[in-house]
Amino acid sequence: MPDNRPTRRPEAPAAPAGRLTTRHILFLIVAAAAPLSAMVGTVPLAFAFGNGAGVPAAFAFAGITLLCFSVGYAVSARRTGGSGGFYASTAADLGRPPAVATGYLALLSYNCATIGLAGALGYFTQIILAQHGLNLPWEWCAAVGIALVAVFGYREIGASARLLALLMLGEIGILFALDIAILVKHGTHALPASSFSEHSMTGPGTGVALMFAFVSFIGFESAALYGKEAKDPQRSVPRATYGAVLLIAGFYALTSWLAVGAVGTGKLKEVAGNELGNLFFDLGNSYLGTVGGTCLQVMLCTSLFAATLALHSAANRYAQVLAADGLLPAGLAEQHPKFASPHRASVVQTVLTVVVAAVFALAGLNPYTSMTTSMLGLGTLGIVVLQAVAALSVVVARLRGGARGGSWLREAVIPLLGFAGLVASVWLVVGNFSMLTGSTNVLVADLPWLVVAVVVFGLLAAAWLRSARRATYQRLGTAHLVTASVAAPVAAPAPVPAPVAVPAAVPAPAIDVDADLAAAVAAGAVLSMSHGDSGERHA
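Below, the structure is looked at part by part. None of the values given here were measured: they were computed from a predicted structure.

1. Re the pattern of salt bridges
Okay, step 1: Within the structure shown, the criterion is met by six salt bridges.
Okay, step 2: The residue Arg398 makes a salt bridge to Glu411 at a minimum N-O spacing of 3.3 Å. One end of the pair, Arg398, is in helix H14 (residues 367-399); the other, Glu411, is in helix H15 (residues 408-431), and 13 residues separate them in sequence. Accessibility assignment for this pair places Arg398 and Glu411 in one class, buried.
Okay, step 3: The partner of Glu411 in a salt bridge is Arg410, and the shortest N-O contact between them spans 3.8 Å.
Okay, step 4: Taking the relative accessible area as the measure of exposure, Glu411 reaches 5% and is therefore buried.
Okay, step 5: Here the salt bridges share partners, and the residues they tie into one network are Arg398, Arg410 and Glu411.

2. Some thoughts on a nonpolar patch on the surface
Okay, step 1: A surface patch of nonpolar side chains, amounting to about 400 Å² of accessible area, comprises Tyr154, Val347, Val351, Val355 and Val359.
Okay, step 2: Per element, the largest residue contribution to the nonpolar patch is four residues, and it comes from helix H13 (residues 343-362).
Okay, step 3: The class for Val347 is partly exposed, based on a relative accessible area of 41%.

3. A look at the packing of aromatic side chains
Okay, step 1: Scanning the entire structure with this criterion turns up 13 aromatic pairs.
Okay, step 2: Residues Tyr123 and Phe124 carry aromatic rings whose centres are separated by 5.3 Å and whose planes lie at 70 degrees to one another, so their mutual orientation is edge-to-face. For the pair Tyr123 and Phe124, one class covers both residues: buried.
Okay, step 3: Residues Phe217 and Tyr252 carry aromatic rings whose centres are separated by 5.6 Å and whose planes lie at 75 degrees to one another, so their mutual orientation is edge-to-face. In this pair, Phe217 sits in the loop between helix H9 (206-215) and helix H10 (233-263) while Tyr252 sits in helix H10, placing the two residues 35 residues apart along the sequence. In this structure, Phe217 and Tyr252 share a single accessibility class: buried.
Okay, step 4: Grouped by ring-pair contacts, the aromatic residues Phe59, Phe217, Phe251 and Tyr252 constitute a single cluster.

4. Comments concerning the side chain of Ser222
Okay, step 1: Here Ser222 lies in the loop between H9 and H10.
Okay, step 2: Separated by 2.8 Å, the side chain of Ser222 and the backbone oxygen of Gly219 make a polar contact.
Okay, step 3: Apart from the residues lying within four places of it in its own chain, the contact partners of Ser222 are Ile29 and Ala314.

5. Examining the environment of Leu246
Okay, step 1: Within the secondary structure, Leu246 sits in helix H10.
Okay, step 2: On the accessibility criterion, Leu246 (55% relative accessible area) is exposed.
Okay, step 3: Considering only alpha carbons, one finds Leu246 and Leu67, 179 residues apart in sequence, at a separation of 7.6 Å.

6. Quick notes on helix H6 (residues 138-154)
Okay, step 1: Its 17 residues place the ends of H6 24 Å apart at the C-alpha level, agreeing with the 24 Å of an ideal helix rising 1.5 Å per residue.
Okay, step 2: Regarding H6, the residues found buried are Trp138, Cys141, Ala142, Gly145, Ile146, Val149 and Gly153. In an axial view of H6, the angular spread of the buried residues amounts to 125 degrees, which keeps them on one side of the axis.

7. Brief notes about the side chain of Ser89
Okay, step 1: Note that Ser89 resides in helix H4 (residues 85-93).
Okay, step 2: From its side chain, Ser89 meets the backbone oxygen of Phe86 in a polar contact 3.0 Å long.
Okay, step 3: Leave out the neighbours within four places in its chain, and Ser89 touches Tyr73, Ser76, Thr80, Ala390 and Ser393.

8. What to know about the nonpolar core
Soluble globular proteins tend to bury their nonpolar side chains together.
Okay, step 1: Core analysis: the biggest nonpolar cluster contains 152 residues, and Phe47, Tyr110, Phe217, Tyr252, Phe280 and Leu283 have the highest contact counts within it.
Okay, step 2: Per-element tally for this core: the top contributor is helix H12 (residues 279-324), with 22 residues.
Okay, step 3: With sequence-adjacent residues up to four places away left out, Leu283 is seen in contact with Leu178, Ala259, Ala262, Val263 and Leu288.

9. Digging into unusual backbone geometry
Okay, step 1: Not every positive phi belongs to a glycine, and Ala34 is a case in point at roughly 50 degrees.
Okay, step 2: Mapped onto the fold, Ala34 is located in the loop between helix H1 (22-33) and helix H2 (35-49).
Okay, step 3: Owing to a relative accessible area of 0%, Ala34 belongs among the buried residues under this scheme.
Okay, step 4: A positive phi angle is found at Ala340, which is not glycine, with a value near 55 degrees.
Okay, step 5: Among the residues examined, Ala340 registers a relative accessible area of 3% and is labelled buried.

Basis of the calculations
Residues numbered from 1 in each chain as written. Predicted model: local features only at pLDDT ≥ 70, side-chain atom pairs only at ≥ 80, totals over all residues. Heavy atoms only, no water. Salt bridge = Lys/Arg side-chain N within 4 Å of Asp/Glu carboxyl O. Helix = DSSP H or I, 4+ residues; strand = E, 2+ residues; numbered from the N terminus. Buried < 20%, exposed > 50% of the residue type's maximum accessible area, 1.4 Å probe, protein only. Patch = residues over 30% accessible without salt bridge, like charges linked within 9 Å, V, L, I, M, F, W, Y side chains within 5 Å. Areas by Shrake-Rupley, 256 points an atom, 1.4 Å probe, with all protein chains shown as cover. Phe/Tyr/Trp six-rings, centres within 6.5 Å; stacked < 30°, edge-to-face > 60°. Polar contact = N/O pair within 3.5 Å; in protein donor to acceptor, adjacent residues only side chain to side chain. Contact = heavy atoms within 4.5 Å. Expected span 1.5 Å × (residues − 1). Arc of directions from axis to C-beta. Core = buried A, V, L, I, M, F, W, Y, C linked by side-chain atoms within 4.5 Å.

Here you go:
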């Protein structure tokens, strides 16, 4: 039987001239992980329902596992020219049928995650604006956010990189200021050694804490979608991926560790269970003053917008790649003659987001506890599955002899460790899906089966192409690398100014985050579950 896997090339085809550097790609992918949203929404839940003081160790473990994944992913990125994401790496290492399944699953996952974040953006923006006397429907808040995403998604990626850099620096800056304030007040006691003790790291709830830790990294792997727009994709993509893992893991572990020290290990689970999403707002008010608490609220909204824009860009580029390879309508592969952006794919993704949001709005459903949790939960599961497949693909390629001359440690042993950790993550997400989504609805509980359905559809589509459209089948996994539709180079993002320091003691009216905001953010903000009681209370 002939081997139908794509023929590997000594070198990936030269990408069209791009202007994105490692730093710019790093801004794009760290923004997708939404650090502030993850900290405000996920960490208190991991404290309360996970292993309490051991949560910093869970973030460190997740970071090490994903760093192992990144080692293998970098091997694939260099071999595929740093373009095409999970789809291209699977095509290069596992063959065409798995690649088609992976491509369609990536399209589903990133679109669902984008739609879920758009709902969260509208929901939390409405609540926070109401705290400051401006009452607007969530639909209007979401509409403004989606419109801005549409504008930046249509234009060249440099504009998005500049904006996301500013927003990312802002959200990390306010949390870094909180970290410094806690450390200054408590000294070394702010970093309790018990967080990394065997008892804390392996105690009850460790599995739940690990689940929240892994899902908090979603989006970091999207560097391999920007190869065509990078100056030097074979270097920039791996470096940005490594940098994103190290930055996110270090930031999450340090901030959660300082939060343990600020609250106290003995009462952490109790306080986190009572405060939930209000925990970091209270810490902000206590250590940075009311101005700090207000900044955390505002930055939560900008963090959600940044994540929505970053995942919108990732979803567009998957659509563009699949269209170029004949798996979607060819028009979606076209790039704008001026902006060199996948403008048609961007418009289609925007329309899809608007339609889904309109359906939820017309049905009178809660935008967070219905739309965000279900869509984001499904997208999260799909992306973790894709990460596991990508890690496995590198190992398989090495065993088949497809990466001759490379290091076994880098191309087999380390990726295999990453694969093992990601399989455990998939198992944890599926086993705790109702906790991740905060819903016991039967339809929501059955959403993981959509992942299976899409994979089966992809395999059947590949089989049909092989028999009915042989030429298209032969080009799968490679056609997008040599498409001639790329136009002008991408404008280089301008230098990003340093974030302005947040004053810690400026008098301001006291802000009392009401029960709605506490319940909403406690519901998980982004990439976390909604607490049953709080969700019902808001509803």
